[in-house]
Amino acid sequence: MLKGLGGLGDMAKMMKSAQELQGKMAQMQEDLHNVMVTGEAGAGLVKATASAKGDLKALDIDPSIFNGDDKEVVEDLILAAIKDAQAKAAEKAQEEMTKLTESMGLPKDIKLPF
């Protein structure tokens, strides 16, 4: 196609690859809204479900932890479960990013601006 243009052919190929990567990145970002992860605290007494984008979607609390004097403990467990879900969401997003960059022939530890 751009055979006689020397280095410009490589540049066109690189630009096409960059556009392809950008499209795949946009799709991956959209898909992460549908991937769910669950964080737990208190040996599963409190569970927080979040999208892989980190958006909290659900909270499940075992009724056995509700005792009048345990308000602070329950609050701590809720926060711990949410933080666990957010950490798992970030980890899942990074896994998906690594899969995408490797499929494009890029180094798995590359840091992209988008």
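Computed from a prediction, not measured in an experiment: that's the story for all the values here.

Before going further, it helps to spend a moment on the UniProt feature "coiled-coil region" (unreviewed entry) in the protein chain. According to UniProt, the positions carrying the feature "coiled-coil region" (unreviewed entry) are residues 11–38. Note that residues 11–38 is 75% helix and 11% strand, and that its end C-alpha atoms are spaced 44 Å apart.

Looking now at the sheet that holds strand S1 (residues 36–41). Read across the sheet, three strands follow the order S1-S2-S3 without closing on themselves; strand pairing throughout is antiparallel. Sheet topology places S1 and strand S3 (56–61) at the edges, where each strand pairs with a single neighbour. Adjacent strand axes in the sheet meet at a mean angle of 20° when their direction is disregarded. Pairing of strand S2 (residues 46–51) with S3 involves five bridges; the strand directions are antiparallel. Each residue of the ladder has a partner; that of Lys47, found in S3, is Asp60. Each of S1, S2 and S3 touches helix H2 (residues 71–103); the most contacted strand, S1, lies at about 145° to it.

Not every positive phi belongs to a glycine, and Ala43 is a case in point at roughly 55°. By secondary structure assignment, the location of Ala43 is in the loop between S1 and S2. We classify Ala43 as exposed; its relative accessible area is 84%.

So, how was this worked out
Residues numbered from 1 in each chain as written. Predicted model: local features only at pLDDT ≥ 70, side-chain atom pairs only at ≥ 80, totals over all residues. Heavy atoms only, no water. UniProt positions renumbered as here; feature names shortened; annotations may be inferred. Helix = DSSP H or I, 4+ residues; strand = E, 2+ residues; numbered from the N terminus. Pairing = 2+ DSSP bridges. Axes fitted to C-alpha atoms, helices over the stretch in contact; angles between N-to-C directions. Contact = heavy atoms within 4.5 Å. Buried < 20%, exposed > 50% of the residue type's maximum accessible area, 1.4 Å probe, protein only.

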